[in-house]
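# Reading the structure
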Amino acid sequence: MTTSPAESSAPSFAMPEPGRSGRLPEALRSRLHPDPTVRRLAGITLVNTVGNGLSLSVAVLFFTRVLGLSAAQLGFGMTAAGLCGVVASVPAGRAADRWGARRVLVVLVSAEAVGTAGYVFVHSYPAFVLLACAVSAVDRGASAVRNALYAEVLPADRRVAGRAHLRVVTNIGICLGTGLGAIALQLDTRAVYLSAILADAVSYVAVAFLLHRLPGVAASVAAESRDRAGTPGASGTEGDSGAAARSGTANPSDPVDKGVKQGRRGNPALRDGPFLAVTALCSVLGLQFAVLEVGVPLWIVQQTDAPRITVAGSLVVNTLMVIALQVRATRGTEERTAAARACRRAGLLLAASCLVLALAHGLPGILAAVVVLAGIALQSLAEVTGQAGGWALSYDLAGERGHGAYQGVFNAGTAAALMAGPALVSTAVIGFGPAGWAVLGAVLAAAGLAMGPAVRWAGRRDARLPAA
């Protein structure tokens, strides 16, 4: 039960085109993304993340109070599930290259609907662990395939901006779902908890249906070409290939791509040294999420005199800043050296955030809260900057081939950071107080500074390749 954006073109769900009078209020039309594909993706993302936010807000109490798991049992089960998620990302990405991202994503999301609903029928701990591992594997695999789908349906020069818009929608959806979850927590009954879990399962069913209705890559590219040229798209192979070339999107019908798409050449991402280096560095920067979700709450409660409500305040500050700044942070990151600079800034901002958070130790309550929130503001700036740079590099270094393979490997690195981060932050950082924060800050700064050399390595590799 984790967040995952997706999208569709179902007639009942697709947004009307801006400018068509009598359909939507002008104020609402002005807030819609100008790209119809991104609008569809945003709509399905909202459906999915509202369900995710609802289930995430009640998950711990559902597992402990309804299923009767102890905290230790839940922790072990979630760790095992996280490991399965890391392992599943790479083969899921390869499957997307072989059978198509949209088709594979529909299957995975449908399986996630079944798995999520299955929690309602779990009555033993071994069954819980097996189901949690299966759901996590499907979820992380779906995340990798979804990122490959973005590469297929969005032009190369607008992928990062499109993902930024979807991330804003994700935060909005999670907020709305969490609000519904707060009502469920207040009612605090078994029936309500079961209903929340089933509602999340239903949201996955809706996602699968809408993804199934999503236009194919060639259709999306042709529509893009007609919108930009103002003329009907050319028919036949030449029209599709030309549109793909103009938009920067790989054409899955192109015989040159077909061998990679069908998975006949092995996994190119696992043989790409610069890409693996960038993936590892982005995974280190990804420890910032463990800092926000685990480190800061523990630090506030155990090591500072800040009011406990500061925990909620830190999440509010982060969410609002991501919503306000994520799209803006992507501007100028399309080129790989600019993306590397964005990651470098992110590492330095994260280091500064760690040092500021450490300063809250020993301060009076209100002042400690102010210092913590200042650290969260720096962390949020680093988050939007680092995400923009990481997205750009994950697509740029892959080129226009094997996006499933590359996104599978990149997503495996992200999943590894999400799995190991909480334990690392809670023991190696919080346990050592301000010194632990200083060491973590140094590690994050080093990861950001190393991104430039890794990208230059990729440039030297590309220069040695024969011209296409």
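So, here is what we can say about the structure in this document. (Residues numbered from 1 in each chain as written. Predicted model: local features only at pLDDT ≥ 70, side-chain atom pairs only at ≥ 80, totals over all residues. Heavy atoms only, no water.)

Next up on the list: the overall build of the protein chain. For the protein chain, the helix and strand inventory stands at 17 helices and 0 strands. For the protein chain, with 468 residues in total, the buried portion stands at 53%. Nonlocal contacts in the protein chain, meaning residues at least 24 apart in sequence, comprise 84% of its contacts between residues at least 6 apart. (Helix = DSSP H or I, 4+ residues; strand = E, 2+ residues; numbered from the N terminus. Buried < 20%, exposed > 50% of the residue type's maximum accessible area, 1.4 Å probe, protein only. Contact = heavy atoms within 4.5 Å.)

In contact at an axis separation of 9 Å, helix H15 (residues 365-396) and helix H16 (residues 403-429) are set at 140° when each is read in the N-to-C sense. On the basis of the axis angle, H15 is oblique to H16. The two elements H15 and H16 meet at a crossing, and its hand is right-handed. In contact with Gly390, Ser394 and Tyr395 of H15, H16 contributes His403, Gln407 and Phe410. Across the contact of H15 with H16, the residue classes break down as 2 nonpolar, 4 polar and no charged. (Axes fitted to C-alpha atoms, helices over the stretch in contact; angles between N-to-C directions. Parallel < 35°, antiparallel > 145°, perpendicular 65-115°, else oblique. Left-handed = near helix turned anticlockwise from the far one by under 90°. Nonpolar A, V, L, I, M, F, W, Y, C, P; charged D, E, K, R; others polar.)

Once that is clear, we can look at the nonpolar core. When a protein is soluble and globular, its nonpolar side chains tend to lie buried together. One finds Val278, Trp437, Leu440 and Met451 to be the most contacted residues of the largest nonpolar core, which totals 51 residues. Among the elements that line this core, the one with the most residues is H15, at 9 residues. When sequence neighbours within four positions are dropped, the list of residues in contact with methionine 451 reads Val278, Leu281, Cys282, Leu285, Ala340, Cys343 and Leu393. Among the nonpolar cores identified, the runner-up in size contains 32 residues, and Ala42, Val138, Val145 and Ala148 belong to it. (Core = buried A, V, L, I, M, F, W, Y, C linked by side-chain atoms within 4.5 Å.)

A surface patch of nonpolar side chains, amounting to about 230 Å² of accessible area, comprises Leu46, Ile172 and Leu176. Checked against the element boundaries, leucine 46 lands in helix H2 (residues 36-66). (Patch = residues over 30% accessible without salt bridge, like charges linked within 9 Å, V, L, I, M, F, W, Y side chains within 5 Å. Areas by Shrake-Rupley, 256 points an atom, 1.4 Å probe, with all protein chains shown as cover. Salt bridge = Lys/Arg side-chain N within 4 Å of Asp/Glu carboxyl O.)

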